[in-house]
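# Architecture at a glance
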Amino acid sequence: MIDVLVVGGGVCGLALAQGLQARGLDWQLLEARPRLGGRVLTRLPSAGPALDLGPTWFWPASQPAITQVVRQLGLPTLPQPDDGWLQWLDDPAQGPRRQAMALGADGQPVPADQPQPGALHGGAQRLVDGMAALVTALAGLLPRERLHLGSTLLSLDDAADHVRATVMQGGQRRVWSARQVVLALPPRLVAQDIVCTPALPPPVSQALADTPTWMATAAKAALAAPTGRPAPWRQSGGCGSAWVPHAQAVLAEVFDAGVSGDGDALAGFIALPAAERPRFAASLALLLDSQVEQLWGAGAGDGEWHHHDWAQEPLTCSQRDLADEAHAGPAWSSEWLRQPLWEGRLLLGGSETARRHAGHLEGALQAAARLKQQVDTLWAAEGPAH
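A brief structural summary. (Residues numbered from 1 in each chain as written. Predicted model: local features only at pLDDT ≥ 70, side-chain atom pairs only at ≥ 80, totals over all residues. Heavy atoms only, no water.)

### Concerning the overall build of the protein
Quick reminder of the rule: Under the DSSP-based scheme used, a helix requires at least four consecutive residues in state H or I and a strand at least two consecutive residues in state E, with every element numbered from the N terminus. All radius of gyration figures rest on C-alpha atoms, and the globule criterion is 2.2 Å times the number of residues raised to 0.38. Exposure classes here rest on a 1.4 Å probe applied to the protein chains alone. A residue is buried below 20% of its type maximum, exposed above 50%, and partly exposed in between. Contacts are assigned to residue pairs that have any heavy atoms within 4.5 Å of one another. For every accessible area listed, the method is Shrake-Rupley and the probe measures 1.4 Å; residues are considered covered only by the protein chains on display. Charge convention: Lys and Arg are scored as positive, Asp and Glu as negative, and His as well as the terminal groups of each chain are ignored. Note that the charge is assigned to NZ on lysines, CZ on arginines, CG on aspartates and CD on glutamates.
Along its length, the protein carries eight helices and 20 strands. Over its C-alpha trace the protein gives a radius of gyration of 22 Å, about what one expects of a compact globule, namely 21 Å for 386 residues. In terms of principal-axis extent, the alpha carbons of the protein reach across some 70 × 40 × 40 Å. Split into buried and exposed, the 386 residues of the protein put 54% on the buried side. Pairs at least 24 apart in sequence give 67% of the contacts found in the protein among residues at least 6 apart. Here the protein has roughly 16600 Å² of accessible surface; of this, 53% comes from carbon and sulfur atoms. Counting 28 positive and 37 negative side-chain charges, the protein places the averaged centre of each group 5 Å from the other.

Okay, here's the thing in structure tokens:
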């Protein structure tokens, strides 16, 4: 029997595992994917900068936890390129117009009298090597033999003094016994996929089902421009920022994903609804090319496209998330998701359980800090770690 079983190898689970390691507890971490990182996904093109198809930014002015972790890990950062100008395309028949813009209170761009650098992204920072560098650094501090990929949790049973976790691992069922289990997972996946015996209290089950998974139905695309010449959006010294609110848009929001010295790149959020994306899959690259060229001229779509549809990934997107796509909104957090269950033997984590910045990387780290305190509380009552 182990002390703590962590389920979920995203940023929350990895950060918690560091705390367990430091405390000297016997822990193991299970991740259903064949990789760590959860919604962190960075692609490396054949040439050019790393491209984030999951989380991209953090904000030092308002997100202290991730800012501190990035600094402690020594990860190089860069400010999001943002000169305050947008290519605004609200009528595909008329073409784009260059407009000084800033973000309004509702997060939508509004016209500005003068361009203000940083006005569109609020001081956002990126990691030079992509957000996967954060995952690699966190995992690198942990013993590899404690990290189990391809391990899917099926059910949990409360056995009074421990919890039995039934897991599909390597094509076979395996039962892990742990004095404590932490679910560092999107709440809706817990509600949908994990059978708990006894059943969780109704308010907890309801909160799990009602909490949106941040960006679960989103899809992102990124373009690594050819090297050796400035990209069209850079030729006039500008940034690759655009907003495309018309009904036929393929990319709704486009931003500069380049890294000085490593090449030019664009990235953006695909505007097509999740249910429609599969039928456009074969022609997506051509559609992306066409829109980028409409924004910045012939040749702007040249390069290497990468994209990822999170709605097609069942380890991120639940059936409830798909059903609620039109009303997803920002992630929110219920106090019920932060309550210890089964007399402290079961804890709920993941970014969506954070009081603030739920869904963001900051929220994942805040949730990990709260979980560590709850683990410490149980083990202080049980006696010193062994």
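### Considering the packing of helix H2 (residues 64-73) against helix H8 (residues 361-382)
Threshold: To define axes, lines are fitted to C-alpha atoms, for helices over the stretch in contact only, and angles between the resulting N-to-C directions are given on a 0 to 180 degree scale. Small angles under 35 degrees read as roughly parallel and large ones over 145 as roughly antiparallel, with 65 to 115 read as roughly perpendicular and the rest as oblique. Each residue gets one label: Ala, Val, Leu, Ile, Met, Phe, Trp, Tyr, Cys and Pro are nonpolar, Asp, Glu, Lys and Arg are charged, and the others, such as Gly, are polar.
At a minimum axis separation of 7 Å, H2 and H8 run at an interaxial angle of 90°. Judged on the interaxial angle alone, H8 and H2 are roughly perpendicular. Residue-level inspection shows Pro64, Ala65, Ile66 and Val69 of H2 in contact with H8, the latter providing Leu361, Glu362 and Leu365. For the contact of H2 with H8, the residue count by class is six nonpolar, no polar and one charged.

### Brief notes about the environment of Thr77
Let me state the cut-off plainly: Polar contacts, as counted here, are pairs of nitrogen or oxygen atoms within 3.5 Å of one another; within protein the pair requires one atom able to donate a hydrogen and one able to accept it, and residues that are adjacent in sequence qualify only if both atoms are side-chain atoms.
Among the secondary structure elements, Thr77 is positioned in strand S5 (residues 77-79). Take Thr77: its relative accessible area is 36%, and that puts it in the partly exposed class. Placed 202 residues apart in sequence, Thr77 and Arg279 show a C-alpha to C-alpha distance of 37 Å. Leave out the neighbours within four places in its chain, and Thr77 touches Phe58, Val70, Gln125, Arg126, Leu127 and Val128. Polar contacts involving the side chain of Thr77 include one to the side chain of Gln125, which spans 3.4 Å.

### Structural notes on the pattern of salt bridges
Pairing between side chains of opposite charge can happen when their charged atoms approach one another. What counts, and what does not: Think of a salt bridge as a Lys or Arg side-chain nitrogen and an Asp or Glu carboxyl oxygen that are within 4 Å of each other.
The tally for this structure, following the rule as stated, stands at 21 salt bridges. Between Arg146 and Asp26 there is a salt bridge, with the nearest N and O atoms lying 3.0 Å from each other. On the criterion of sequence distance, the pair formed by Arg146 in the loop between helix H3 (132-140) and strand S10 (147-149) and Asp26 in the loop between helix H1 (11-23) and strand S2 (27-31) is long-range, its members being 120 residues apart. The shortest N-O distance in the salt bridge between Arg320 and Asp210 comes to 3.1 Å. In this pair, Arg320 sits in helix H7 (residues 319-323) while Asp210 sits in helix H5 (residues 202-210), placing the two residues 110 residues apart along the sequence. What emerges from the salt-bridge pattern is a single network uniting Arg188, Asp210, Arg320, Asp321 and Asp324.

### Examining the nonpolar core
Rules: Take the buried residues of types Ala, Val, Leu, Ile, Met, Phe, Trp, Tyr and Cys, join any two whose side-chain atoms come within 4.5 Å, and each joined set is a nonpolar core.
One finds Val4, Val11 and Leu134 to be the most contacted residues of the largest nonpolar core, which totals 42 residues. Residue assignment for this core shows that the elements contributing at least two residues are strand S1 (2-7), H1, S2, H2, H3 and H8. Excluding residues within four positions of it along the chain, Val11 makes contact with Val40, Leu134, Val135, Leu138, Leu361, Ala364 and Leu365. Within the second largest apolar cluster, 26 residues are counted, among which are Leu156, Trp176, Ile194 and Leu200.

Interpretation in functional terms is not warranted from these geometric data alone.
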